[in-house]
Amino acid sequence: MSCGWCGGTGGSIVLPHTRICGPCYRRRHYHPAPCPGCDQIRPLAWPDAGGRTICADCAGHPSIFACAQCGREDHPYGHIRCARCTLHERLTALLTDPATGDIHERLRPVFDTLLGGERPQTGIYWLMRGKRIGPTLLAQMARGEIAISHDTFSDLPMDRSHNYLRDLLVAAGVLPPYEPLLERMIPWLRSLGEPLSEHHARLVNQYARWTVLRRLRRQAQDGTLSKGVFQAARSQLRRVVGLLSWLEAHDRSLETATQADLENFLASQPKSVGSELTRFLTWARQTGLNTALTTAVAARPAPQITMSDADRWEHVATLLHDDRIRLYTRIGGLLMLLFAQPLVDICRMRTDQVDVTDPGGRVLVTFRDTPIEMPEPLGALVHAHLDQRGQASYASRGNGWLFPGGIPGRHLVTENIRSQLVARGIRPHSARHAALFALSAQIPHMILAQTLGISSTAATRWAALAARDWGGYIEQRREQIPH
Ligand SMILES: [Zn+2]
Ligand SMILES: [Zn+2]
Ligand SMILES: [Zn+2]
C-alpha cells in the first residue's frame with residue numbers, strides 16, 4: 001500500500017484516514033510544529049474539518065507518536081519508546097550497584113543529571129559513541145571496581161573522554177571542583193623524573209603526589225590556590241629534581257646524602273634554592289628516608305659584603321707598613337684580612353702553630369691542618385713578633401700563647417686588637433667577610449675549609465657568593481694587587 005502523504009511505497013503506519021510510510025512518520029515526529037488547534041508544539045498528522053493538519057489531542061485520536069512506556073510525544077527515539085525512556089533504561093543498567101540492586105547511591109546525581117538534560121538523545125549518544133570510555137568507567141564506579149574520586153583520574157589519560165566524565169561528575173556534585181591548572185601537573189609530573197634514576201624518579205613522584213598535589217588540591221577547594229602558589233610548587237619540584245640529579249652525579253642517593261653534600265649542592269645554586277627545598281627535606285625526614293638533611297643553615301640570609309676589596313687591600317698595606325701600630329695588632333689584623341681568621345681564633349693561637357725553622361727562611365703558619373706560607377713582608381713581621389715576645393710577662397710565656405695577654409696565663413683579649421683596628425677604620429667583621437669573599441673566589445671551598453679552618457658550611461656559602469660575583473672580583477683584583 002502506498003503512503004498517503006508522499007505517494008511512496010510502504011505506507012505501514014495506520015492513521016484513521018490514511019496510511020503513511022516510515023520516513024513520513026519520522027519527519028513529522030522529529031519536526032513538531034505549532035498546532036493550528038491548540039498552538040502547542042506537537043507532531044501534526046490529523047486533518048481537521050477545514051483541511052488543516054492538527055495534533056492528536058485536537059483531533060481526538062490516540063497519538064501514533066506517543067511513547068509506549070511514558071505516553072509522551074517529545075524526544076522521539078526509535079519506534080516504540082522515547083529517548084528519555086530509552087536513556088532511563090540504559091542508565092539504570094549502567095549505574096546499578098550490584099550490592100543494592102539499585103542505582104549507586106553516590107552516582108544518583110549523575111543519573112538525574114543525564115536524564116534531566118534538555119535532550120536525552122545526547123545522553124544516549126554519549127553512552128554509545130566511540131570506545132565508551134566514560135560509560136565504562138561509570139559502570140566500574142557503580143560496581144565498586146574503581147574509586148569515585150579525583151585520584152582515579154590522576155592515573156588516567158587527560159583526553160576529552162576522561163575530562164568529559166570528570167566534568168560531569170563535578171557538575172553533578174559527585175566530585176568536588178578541581179583545578180584544571182593543577183590537573184595539567186599530572187602529565188608534567190610523569191616527565192619530571194625522566195632525568196633521574198628509576199629509584200629517584202619514583203621518590204619524586206611519590207613526594208609530588210602525596211604531599212604537593214594533595215596540598216594544592218586542598219588549597220583549590222579552599223579557593224586559595226593562586227597561580228603563584230601553583231608556580232612555586234612546580235619550581236620547588238624542579239629544585240628537588242636538581243638536587244637528586246646532583247646527588248646521582250656525585251654517586252649519592254637521597255638516602256645516603258650527608259648534610260655536607262647538601263651544602264655543597266646549595267653552594268652551586270641560587271640563594272633561594274635552600275628554602276625551596278625545605279618542604280622536600282622535611283618530607284624526607286618525616287618518612288625516614290634521610291633524617292640528617294636540613295636547610296636550616298643554608299636558609300640563612302646570604303652573607304653581606306660591606307668592605308670592598310679595594311678597601312681591604314688598603315688596610316693590608318697600612319698594617320704591613322705602618323710601624324706606629326703595635327706589631328701584634330698588625331699581625332692579628334693581617335691574619336684576618338688575608339686569611340679570614342676570626343679575631344677570637346687569632347688571639348688563641350699558640351706558638352707551635354708558627355714554624356720559623358725553614359732553612360729557606362719561610363714562615364709557615366698552621367691554622368688548621370696544613371702549614372701555609374706567610375707572604376713577605378708578613379713573614380718578617382711574624383719573625384719580629386716572636387723575638388719581641390720573649391719580653392712578654394714571664395707568667396704568660398710558658399703557656400705557649402702566640403699573643404700572651406696582660407693577665408698571667410691568659411692570651412690577649414680580642415677587644416685589645418679589635419679596638420686598635422677599629423681606631424684605624426678596620427672593622428673586623430667586615431674585614432673578615434671581605435677576606436672570605438676574596439678567598440672563596442680563588443680557592444676551592446673544601447681546601448679553604450681544610451687549610452684555614454673555616455667551617456665547611458661557611459666556606460660553601462662564601463664560595464657560592466664568590467662564584468656569583470667572580471667576574472667582578474677578577475677585574476678588581478687585577479687593579480688592586482699591592483706592591
Ligand atoms: Zn511517506
Ligand atoms: Zn493541538
Ligand atoms: Zn517515554
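Residues numbered from 1 in each chain as written. Chains lettered and ligands numbered in written order. Predicted model: local features only at pLDDT ≥ 70, side-chain atom pairs only at ≥ 80, totals over all residues. Heavy atoms only, no water.

**Q** Explain the overall build of the chain to me, please; I cannot follow it from the model alone.
**A** Scanning the chain from terminus to terminus reveals 24 helices and eleven strands. A total of 483 residues make up the chain; the buried ones form 44% of that total. Across the chain, every contact between residues at least 6 apart in sequence was considered, and the portion connecting residues at least 24 apart equals 54%. A total accessible area of about 24,700 Å² is found for the chain, and carbon and sulfur atoms account for 52% of it. (Helix = DSSP H or I, 4+ residues; strand = E, 2+ residues; numbered from the N terminus. Buried < 20%, exposed > 50% of the residue type's maximum accessible area, 1.4 Å probe, protein only. Contact = heavy atoms within 4.5 Å. Areas by Shrake-Rupley, 256 points an atom, 1.4 Å probe, with all protein chains shown as cover.)

**Q** Explain the coordination of the zinc ion (ligand 2) to me, please; I cannot follow it from the model alone.
**A** Angles at a metal have ideal values that depend on geometry: 109.5 degrees with four tetrahedral donors, 90 or 180 degrees with six octahedral donors. The protein atoms that coordinate the zinc ion (ligand 2) are Cys35 (SG), Cys38 (SG), Cys55 (SG) and Cys58 (SG), at distances spanning 2.0 to 2.4 Å. Around the zinc ion (ligand 2) sit four donor atoms, and with donor-metal-donor angles ranging over 102 to 122° the site reads as tetrahedral. Summarised as a motif, the one-chain spacing of the donors to the zinc ion (ligand 2) is C-x2-C-x16-C-x2-C. (Donors = N, O, S within 2.8 Å, 3.2 Å for Na, K, Ca; no water. Tetrahedral: all angles 85-135°; square planar, octahedral: opposite > 155°, others 65-115°.)

**Q** How should I be thinking about the coordination of the zinc ion (ligand 3) in this particular structure?
**A** Around the zinc ion (ligand 3), the donor atoms from the protein are Cys67 (SG), Cys70 (SG), Cys82 (SG) and Cys85 (SG), and they sit 2.2 to 2.4 Å away. Taken together, the four donor atoms coordinating the zinc ion (ligand 3) span angles of 104 to 117° at the metal, a pattern that classifies the geometry as tetrahedral. Taken in chain order, the donor set of the zinc ion (ligand 3) reads C-x2-C-x11-C-x2-C. Accessibility expressed as a relative area gives 10% for Cys85, which makes it buried.

**Q** Sorry if this is basic, but what is going on with helix H10 (residues 185-192) here?
**A** In an α-helix, one turn spans 3.6 residues, which is why side chains three or four residues apart end up on the same side. Taken as a whole, H10 has its buried residues at Met185, Ile186, Trp188, Leu189 and Leu192. Axial view of H10: buried residues confined to an arc of 160°, hence all on one face. Packing partners of the buried residues in H10 comprise helix H7 (150-154), helix H9 (180-183), helix H11 (198-222) and helix H12 (227-249). (Arc of directions from axis to C-beta.)

**Q** Please explain empty space enclosed by the protein as it appears in this structure.
**A** Take a probe with the size of a water molecule and roll it over the atoms, and the empty space left behind shows itself. Applying the stated criterion across every chain, the model contains two cavities of 30 Å³ or more. Of the volumes computed, that of the largest cavity is approximately 60 Å³. Lining the largest cavity we find 13 residues, and of these His29, Phe65, Cys67, His79 and Ile80 sit closest to its centre. When the residues that make up the lining of the largest cavity are grouped by side-chain class, the tally is eight nonpolar, three polar and two charged. In this structure, the second largest cavity spans a volume of roughly 40 Å³. Considering the residues around the second largest cavity, the lining is formed by His150, Pro177, Tyr178, Glu179, Leu182, Glu183, Arg217, Ala220 and Gln221. Those elements that place two or more of their residues in the lining of the second largest cavity are H9 and H11. Here the residues of the lining of the second largest cavity sort into four nonpolar, two polar and three charged. (1 Å grid on protein atoms, 1.4 Å probe; cavity = no way out; pocket = protein on both sides within 12 Å on 5 of 7 lines; lining within 4 Å. Points joined across faces, edges and corners; volume = space filled by probe spheres on them. Nonpolar A, V, L, I, M, F, W, Y, C, P; charged D, E, K, R; others polar.)

**Q** How do you make sense of the nonpolar core when you look at a structure like this?
**A** Burial of nonpolar side chains together is a common tendency in soluble globular proteins. Formed by 44 residues in total, the largest nonpolar core has its most connected members in Leu334, Leu335, Phe339, Phe367, Met374 and Leu378. Breaking this core down by element, the ones donating at least two residues are helix H15 (309-321), helix H16 (327-339), helix H17 (343-347), helix H18 (378-389), helix H20 (414-423), helix H21 (428-442) and helix H22 (445-452). The element best represented in this core is H16, accounting for nine residues. Excluding its chain neighbours within four sequence positions, the residues that come into contact with Phe367 are Leu335, Phe339, Gln341, Met349, Gln353, Ile372, Met374, Thr451 and Leu452. Counting residues in hydrophobic clusters, the runner-up holds 37 residues, among them Val212, Phe230, Leu243 and Leu244. (Core = buried A, V, L, I, M, F, W, Y, C linked by side-chain atoms within 4.5 Å.)

**Q** What is the right way to read the pattern of salt bridges from this model?
**A** For side chains of opposite charge, pairing can occur when their charged atoms come near one another. Inspection of the entire model under this criterion finds 15 salt bridges. A salt bridge links Arg108 to Asp102; its shortest N-O distance comes to 3.6 Å. Take Arg108: its relative accessible area is 32%, and that puts it in the partly exposed class. Because the salt bridges share partners, they merge into one network encompassing Arg42, Asp57 and Glu73. (Salt bridge = Lys/Arg side-chain N within 4 Å of Asp/Glu carboxyl O.)

**Q** I would appreciate a short explanation of the sheet that holds strand S10 (residues 364-366) in the present structure.
**A** Backbone-to-backbone hydrogen bonds pair the strands of a sheet. The strands run either parallel or antiparallel. Within the open sheet, the three strands sit side by side as S9-S10-S11. Their pairing is antiparallel. Both outer strands of the open sheet, strand S9 (354-355) and strand S11 (371-373), are each paired with one neighbouring strand and no more. Bridging between S10 and S11 involves three bridges; their strand directions are antiparallel. Looking across to S11, one finds that Leu364 is bridged to Glu373. (Pairing = 2+ DSSP bridges.)

**Q** When you look at the packing of H10 against H11 in this model, what are you seeing that I'm missing?
**A** The description of two packed helices rests on the angle between their axes and on the distance between the axes. Where H10 meets H11, the axes come as close as 10 Å, and the angle between the chain directions of the two elements is 155°. In this view, H10 runs roughly antiparallel relative to H11, as classed from their interaxial angle. Crossing of H10 over H11 shows right-handed handedness. Along its contact with H10, which presents Met185, Ile186, Leu189, Arg190 and Leu192, the element H11 presents Val204, Asn205, Ala208, Arg209, Val212, Leu213, Leu216 and Arg217. (Axes fitted to C-alpha atoms, helices over the stretch in contact; angles between N-to-C directions. Parallel < 35°, antiparallel > 145°, perpendicular 65-115°, else oblique. Left-handed = near helix turned anticlockwise from the far one by under 90°.)

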